[in-house]
Amino acid sequence: MASQIITPGPYRATKLWNEVIRLFRAGMPVGKHRQNLRNHSACFTASAAVNWLHQLLRSNSNFGPDVTRQQTVQLLKKFLKNHVIEDVKGRWGSEDLEDNGTLYRFPSSSPLKPLPRPGATASKSLRKRPSLRDKDGFLRFRSSKKIDKEARENVEPVKQAEDGSQTLEQRRELTAADEQEIWRDVTLTHLQRVLGVASLEEVLDPRHINPLNIIHNMTRVNKHGVVSLDNKTADDLPHWVLSAMKSLANWPKFDSEQPSYPGFERDVFRTVSDYFYSLPWPLLTFELYELFINVLGLLQPDCERRAVEALQLCTLLLPPSSRRKLQLLMRMISRISQNVDMPRLHPAIGTRTLMVHTFSGCVLASADECDLDELLATRLVSFLMDHQDQILTVPQYLLTAISDHVSYLRSSQVPLDGLPEERGGAPLPVYTFCRQISGAEFEQQKLLTSRQAMEELLEILLTDQNLSDRDRRKKLKQFQKQYPDIYSSRVPAPPTHNKPKIKAPLINITRTKVLSLRS
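In this text, all values refer to a predicted model and were calculated from it rather than measured experimentally.

1. A few points about the overall build of the protein chain
Alright, step 1. Secondary structure summary: the protein chain contains 20 helices and six strands in total.
Alright, step 2. Nonlocal contacts in the protein chain, meaning residues at least 24 apart in sequence, comprise 70% of its contacts between residues at least 6 apart.
Alright, step 3. When the accessible area of the protein chain is evaluated, it comes to approximately 29000 Å², of which 51% is carbon and sulfur surface.

2. Side note on empty space enclosed by the protein
Alright, step 1. Under the counting rule described, the total for this entry stands at two cavities of 30 Å³ or more.
Alright, step 2. Quantified by volume, the second largest cavity comes out at close to 40 Å³.
Alright, step 3. Looking at the second largest cavity, the residues that line it are Gln-71, Gln-74, Leu-75, Lys-78, Asp-371, Glu-374 and Leu-375.
Alright, step 4. Elements that contribute at least two residues to the lining of the second largest cavity include exactly α3 (69-81) and α14 (373-386).
Alright, step 5. A class-by-class count of the residues in the lining of the second largest cavity yields two nonpolar, two polar and three charged.

3. Some remarks on the sheet that holds strand β2 (residues 38-45)
Alright, step 1. If you trace the four strands from one edge of the open sheet to the other, you get β1-β2-β4-β3, paired in antiparallel fashion. Two strands lie at the open edges of the sheet, namely β1 (31-35) and β3 (86-87), each paired on one side alone.
Alright, step 2. In the packing of helix α2 (residues 46-59) onto the sheet, the strands contacted are β2 and β4 (103-105), and the crossing angle to β2 comes to about 20 degrees.

4. Describing the nonpolar core
Alright, step 1. Phe-24, Phe-79, Ile-85, Phe-276, Met-332, Phe-359 and Val-363 are the most contacted members of the largest nonpolar core, which totals 121 residues.
Alright, step 2. If you tally residues by element for this core, the top one is α14, at eight residues.

5. Here we look at the pattern of salt bridges
Alright, step 1. Applying the stated rule across the entire model yields 15 salt bridges.
Alright, step 2. Note that Asp-371 and Lys-113 form a salt bridge whose closest N and O atoms lie 2.3 Å from each other. Of this pair, Asp-371 sits in the loop between α13 (351-363) and α14 while Lys-113 sits in the loop between β4 and α4 (144-153), and the two are 258 residues apart along the sequence.

6. So, the packing of helix α1 (residues 12-27) against α2
Alright, step 1. Here α1 crosses α2 at 130 degrees, and the two axes come no closer than 11 Å. In terms of orientation, α1 lies oblique with respect to α2. The handedness of the crossing between α1 and α2 comes out as right-handed. From α1, Val-20, Leu-23, Phe-24 and Gly-27 reach across to α2, where they touch Ala-49, Trp-52, Leu-53, Leu-56 and Leu-57.
Alright, step 2. The class makeup of the residues in the contact of α1 with α2 is eight nonpolar, one polar and no charged.

7. A closer look at the environment of Ser-110
Alright, step 1. Its place among the elements puts Ser-110 in the loop between β4 and α4.
Alright, step 2. Separated by 27 residues in sequence, Ser-110 and His-83 have C-alpha atoms that sit 9.1 Å apart.
Alright, step 3. At 3.5 Å, the side chain of Ser-110 forms a polar contact with the backbone nitrogen of Leu-112.

8. Structural notes on unusual backbone geometry
Alright, step 1. Of note, the bond from Trp-251 into Pro-252 is cis; its omega dihedral lies within 30 degrees of zero at 5 degrees.
Alright, step 2. Note on placement: Pro-252 falls in the loop between α8 (239-249) and α9 (264-277).
Alright, step 3. With a phi close to 50 degrees, Ala-42 is a non-glycine residue in the positive phi region.
Alright, step 4. When you line up the elements, Ala-42 lands in strand β2.
Alright, step 5. With a phi close to 65 degrees, Thr-285 is a non-glycine residue in the positive phi region.
Alright, step 6. Mapped onto the secondary structure, Thr-285 falls in the loop between α9 and α10 (289-295).
Alright, step 7. Judged by relative accessible area, which is 8%, Thr-285 ranks as buried.

9. Focus: the packing of aromatic side chains
Alright, step 1. For the coordinates displayed, the defined rule picks out 12 aromatic pairs.
Alright, step 2. Ring geometry for Phe-24 against Phe-106: centres 5.3 Å apart, planes inclined by 75 degrees, an arrangement best described as edge-to-face. Here Phe-24 is found in helix α1, whereas its partner Phe-106 is found in the loop between β4 and α4, with 82 residues between them in sequence. You'll find Phe-24 and Phe-106 in the same group, each marked buried.
Alright, step 3. Summarising the aromatic geometry, the rings of Tyr-275 and Phe-276 are spaced 5.4 Å apart at their centres and angled 75 degrees between planes, so their arrangement reads as edge-to-face.

10. Digging into α3
Alright, step 1. If you check α3, its first and last C-alpha atoms are 19 Å apart, about what 13 residues at 1.5 Å a residue would give, namely 18 Å.
Alright, step 2. Immediately downstream of α3, the backbone of His-83 shows phi near 65 degrees, a positive value.

11. Overview of the layout of surface pockets
Alright, step 1. Here the largest pocket is characterised by a volume of approximately 1600 Å³.
Alright, step 2. For the largest pocket, the lining is made up of 39 residues, of which Arg-305, Tyr-397, Met-454, Gln-482 and Tyr-483 are closest to its centre.
Alright, step 3. When residues of the lining of the largest pocket are traced back to their parent elements, those giving at least two are α5 (176-195), α11 (304-315), α15 (388-391), α16 (396-411), α18 (439-463), α19 (469-482) and α20 (484-490).
Alright, step 4. Considering only residue class, the lining of the largest pocket consists of 15 nonpolar, 11 polar and 13 charged.

12. Considering a positive patch on the surface
Alright, step 1. Taken together, Arg-470, Arg-473, Lys-474 and Lys-475 make up a surface patch of like positive charges.
Alright, step 2. Positionally, Lys-474 belongs in helix α19.
Alright, step 3. Taking relative accessible area as the criterion, Lys-474 reaches 54% and is therefore assigned exposed.

13. Some words on the confidence of the model for the protein chain
Alright, step 1. Across the protein chain, pLDDT averages 80, with 76% of residues at or above 70.
Alright, step 2. Counting interchain partners and residues more than four positions distant, the pLDDT-below-50 stretch residues 119-147 has 84 contacts.
Alright, step 3. Here residues 150-158 scores under 50 on pLDDT; set against residues more than four positions off or in separate chains, the count is 18 contacts.

Criteria and cut-off values
- Residues numbered from 1 in each chain as written.
- Predicted model: local features only at pLDDT ≥ 70, side-chain atom pairs only at ≥ 80, totals over all residues.
- Heavy atoms only, no water.
- Helix = DSSP H or I, 4+ residues; strand = E, 2+ residues; numbered from the N terminus.
- Contact = heavy atoms within 4.5 Å.
- Areas by Shrake-Rupley, 256 points an atom, 1.4 Å probe, with all protein chains shown as cover.
- 1 Å grid on protein atoms, 1.4 Å probe; cavity = no way out; pocket = protein on both sides within 12 Å on 5 of 7 lines; lining within 4 Å.
- Points joined across faces, edges and corners; volume = space filled by probe spheres on them.
- Nonpolar A, V, L, I, M, F, W, Y, C, P; charged D, E, K, R; others polar.
- Pairing = 2+ DSSP bridges.
- Axes fitted to C-alpha atoms, helices over the stretch in contact; angles between N-to-C directions.
- Core = buried A, V, L, I, M, F, W, Y, C linked by side-chain atoms within 4.5 Å.
- Buried < 20%, exposed > 50% of the residue type's maximum accessible area, 1.4 Å probe, protein only.
- Salt bridge = Lys/Arg side-chain N within 4 Å of Asp/Glu carboxyl O.
- Parallel < 35°, antiparallel > 145°, perpendicular 65-115°, else oblique.
- Left-handed = near helix turned anticlockwise from the far one by under 90°.
- Polar contact = N/O pair within 3.5 Å; in protein donor to acceptor, adjacent residues only side chain to side chain.
- Phe/Tyr/Trp six-rings, centres within 6.5 Å; stacked < 30°, edge-to-face > 60°.
- Expected span 1.5 Å × (residues − 1).
- Patch = residues over 30% accessible without salt bridge, like charges linked within 9 Å, V, L, I, M, F, W, Y side chains within 5 Å.
- Lys, Arg positive; Asp, Glu negative; His and termini not counted.
- Charge placed at Lys NZ, Arg CZ, Asp CG, Glu CD.
- pLDDT = per-residue confidence, 0-100.

Right, here's the structure in full:
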């Protein structure tokens, strides 16, 4: 049976589990085998199952080529525990399967897990003001131009005072809580668009989204792009762990005061891995597990760019201490895997494979027992390691959109004393940046939203007077490389005149030997 790509959506981990079982039951060869002087029909050996399932997982786009044989054995053990398979005597419920010639078979009952009923165990939907969500749960971000247009159409009604003068009804000022809502809502709106889901329900619990984390992760970074912490004593990596990570990342240029002996780098590596596994929760947190599992659905050859953008947004939701640890860890293992001077850290496993499988469990894990945790974590860590320089940087387009929107709302607030015209301000309707739209309209405009944002960014690059000519050319060159169609529509190429081609000479003129003037 053909493999099916499990796209982002509710209960993706359960769907992946059922898909692997479906393929395994449909394709695993079975036959007659003899064991303990008895013939058994429609069965297979454990080693044959490991071989077949390992090849299936490596070639399946939902998991990828980083799956190891040992992980396949672990998955078969879970199959035996969950009665996906049983031994030829009908026994199951344990995890004592080994990579050997023991015989197993498929039970007659279906081992597929039922999907939860809608609403039975669903997480609470995103709590937003009515103006931010329609009945289908869709969000839509409006540009500042549209807000300005609606501001002119929806000016506060003019009231007649007792003395005959006209006044405007006062509106409340933009508070810190309002600004935090803007950071939160704009980020989630972009995330929903990138994931391509109808809503973020059952993927993201709003109680676990702290807008202060988003603000900190986007504004409190050092010159290397790594998050800076307020309380380094309690939240940051210990000094000895940072020292060990620097030694491995810069090998062999480590601190001369550190000891050097055969196998020293292995001991340092073991020290770092032991620390990360001693943390009380994974770096991507238990609360965001379902969200990152759904991002894995974008890890397809034609969706790599979307996956990078989705992970950019998802990692902004992490607590700053977790994001900082993730940044430093990904930079370390990326450098180690590319360092040709690094000695082998394991006698039988390559450096890259060792990095991925060592730290996958401390990066992504579920609070509840999940049957595919190891395979999914391996897939995610491998992608994070290869694209960490893009994923773990602050998305400037999002920072610009939020900053411009907050600045616009601040400058457009009606003062408490007097008319806006008297203070040089401009009237603005009640604070909102989203409006209700239908599901059909959302589907039509989903693809246009990203393009409109990029067009606004290009306009800023072309008109911003604070940019130097050098920086402007550099940024425009980068923009043209990433979005050539948008760039060409705004900045058309200069007309080229067809120059006449120079024909080759009809007669080859041989070089004449220049004689020396000296005799």
